[in-house]
Amino acid sequence: MHAVAIVAAAGSGSRLGADRPKALVELAGRPLVCWAVDGLRAGGVAEVVVTVPAAEREAFAAVLPGDVRIVDGGATRTASVRAGLAAAAAGADVVLVHDAARPLTPPDVVARVLAALAAGAPAVVPVLPVVDTTVLVDDDGAVTEAVPRAPLRRVQTPQGFDRETLVAAYAALPDGAELTDDAAVVRAAGVPVATVAGDERSAKVTVAHDLALAELAVTLGPSGTVTA
Ligand code: C5P
C-alpha cells in the first residue's frame, strides 16, 4: 500500500503571536513542520507533500528534506488541502492529511490509521474521548443542557483516506466551501468514517501555551504521556 501524506502548513501563526508561519516556528530547535514530517515517515508514509504560504516557499525549502514536495497552499485549510491533493502522486493508494500544527503525533497513530485503511476502511480518523463535562449554552452564555459525553470524541489528524474516495469528495465539494477537516469533506459525500485511538501527544499547537507544553513534552519524553 503506497501512502502519500499531505501536510497542511499554510496557516499564518497569528494566534501564536509568531513572526513567521506557524509551521516554521521552532520546537526544541526544529520547525514544527519538520517534526510533523518525521512522525509521518516513521509511521509508514512513503511520500510527503507540504502545502505552504506561497510567499514562504523558499523558507520551507530551506528546512524541509529535499525529497518533500512543496506546494502553494490557499486562503483556507480546505483550499490548501485541495491544492495538496492535486499535487499528490496519482500512484498513491491512500492519502493521509495531517496538520503541521500537530508536531508530536506519535508514529503509532500514523500506523493505526494506515492499518485501518489497509483493512478496507475508506476513511479513518484518530479520536480521543471527551473527559470534561460538556454543555450547551444560550446566547447569553447560560447553560441550557448538559450533553451526554459517552458518544463524543475529539478528532485529530492524520486523517486517512482511500485516495480515489478523497479525490471524488473534494471534486464534489463546491468551490469556496470551508469545512473544518477532511473527514467532514468525505462525510458530506456520504462516505462512512471509521475511528482509531488518537493520542494526547498529537495535541494541536494553536496558542503560545500549547507550544510551551510541547517543549515540556519533548523534555519529558514518552513517560509523561496519556494515551486513549
Ligand atoms: O489554524 P489551524 O491551526 O486550525 O490550522 C490547522 C492546520 O491547517 C495548520 O497546520 C495550518 O498551517 C493549516 N492551514 C493551511 N492553510 C490555511 C490555513 C491553515 O494549510 N489557509
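See the structure printed just above.
Residues numbered from 1 in each chain as written. Predicted model: local features only at pLDDT ≥ 70, side-chain atom pairs only at ≥ 80, totals over all residues. Heavy atoms only, no water.

A.B. asks: With reference to specific residues and values, describe the overall build of the protein chain.
C.D. replies: When you go through the protein chain residue by residue, the secondary structure sums to seven helices and 12 strands. For the protein chain, whose C-alpha radius of gyration is 17 Å, the value lies close to the compact-globule estimate of 17 Å for 228 residues. Each principal axis of the C-alpha atoms in the protein chain carries an extent, and together these give about 50 × 40 × 35 Å. The 228 residues of the protein chain split such that 44% are buried. If you take every contact in the protein chain between residues at least 6 apart in sequence, the share linking residues at least 24 apart comes to 72%. A total accessible area of about 10800 Å² is found for the protein chain, and carbon and sulfur atoms account for 55% of it. Counting 18 positive and 26 negative side-chain charges, the protein chain places the centres of these two groups 3 Å from one another. (Helix = DSSP H or I, 4+ residues; strand = E, 2+ residues; numbered from the N terminus. Rg over C-alpha atoms; globule rule 2.2 N^0.38 Å. Buried < 20%, exposed > 50% of the residue type's maximum accessible area, 1.4 Å probe, protein only. Contact = heavy atoms within 4.5 Å. Areas by Shrake-Rupley, 256 points an atom, 1.4 Å probe, with all protein chains shown as cover. Lys, Arg positive; Asp, Glu negative; His and termini not counted. Charge placed at Lys NZ, Arg CZ, Asp CG, Glu CD.)

A.B. asks: Any details on the nonpolar core? Residues and values, ideally.
C.D. replies: Grouped together as the largest cluster of nonpolar side chains are 28 residues, with contacts concentrated most on Val7, Val33, Val37, Val50, Phe60, Leu64 and Leu96. Looking at this core, the elements that each hand over two or more residues are β1 (3-8), α1 (32-42), β4 (47-52), β6 (94-99) and α4 (107-118). No other element matches α4, which puts five residues into this core. With sequence-adjacent residues up to four places away left out, Leu64 is seen in contact with Val33, Cys34, Val37, Val50 and Ile70. Judged by nonpolar contacts, the second largest core, of 15 residues, contains Val81, Leu85, Tyr170 and Val185. (Core = buried A, V, L, I, M, F, W, Y, C linked by side-chain atoms within 4.5 Å.)

A.B. asks: I'd like to hear about the pattern of salt bridges, residue by residue, with values.
C.D. replies: Following the criterion strictly, the structure yields 10 salt bridges and no others. The shortest N-O distance in the salt bridge between Glu47 and Arg69 comes to 3.7 Å. On the criterion of sequence distance, the pair formed by Glu47 in strand β4 and Arg69 in strand β5 (residues 69-72) is long-range, its members being 22 residues apart. When its relative accessible area of 25% is taken as the criterion, Glu47 is described as partly exposed. (Salt bridge = Lys/Arg side-chain N within 4 Å of Asp/Glu carboxyl O.)

A.B. asks: I'd like a rundown of the site of the ligand, residues and numbers included.
C.D. replies: Every one of the 16 residues lining the ligand counts as a neighbour, but Ala8, Arg15, Lys22, Ser80 and Lys204 are closest to it. At 2.7 Å, a side-chain N or O of Lys22 approaches an oxygen atom of the ligand. Taken by itself the ligand offers 460 Å² of open surface, and the protein chains cover 84% of this. Here the shell around the ligand is built from residues that sort into six nonpolar, five polar and five charged. (Near = heavy atom within 4 Å. Polar contact = N/O pair within 3.5 Å; in protein donor to acceptor, adjacent residues only side chain to side chain. Nonpolar A, V, L, I, M, F, W, Y, C, P; charged D, E, K, R; others polar.)

A.B. asks: Can you lay out helix α5 (residues 163-172) for me, pointing to particular residues and giving the numbers?
C.D. replies: Taken residue by residue, α5 has Arg163, Thr165, Leu166, Ala169 and Tyr170 as its buried positions. All buried residues of α5 fall inside an arc of 165° around its axis, so they share one side. Along α5, exposed side chains directed more than 90 degrees from the buried face belong to Glu164, Ala171 and Ala172. Looking at the buried residues of α5, the elements they touch are α3 (77-87), β6, β11 (159-162) and α6 (182-188). (Arc of directions from axis to C-beta.)

A.B. asks: I'd love a proper account of the side chain of Arg102, names of residues and values included.
C.D. replies: Residue position: Arg102 is located in the loop between β6 and α4. Exposure remark for Arg102: the relative accessible area of 9% places this residue in the buried category. When sequence neighbours within four positions are dropped, the list of residues in contact with Arg102 reads Ala36, Val155, Gln156, Thr157, Ser202, Ala203 and Lys204.

A.B. asks: Which residues make up α4, and what values go with them?
C.D. replies: Over its 12 residues, α4 extends 16 Å from the first C-alpha to the last, a length consistent with the 16 Å expected when each residue adds 1.5 Å. On its buried face, α4 sits against β1, α1, β6, β7 (123-129), β11 and β12 (194-197). (Expected span 1.5 Å × (residues − 1).)

Distances and angles like these do not, on their own, reveal function.
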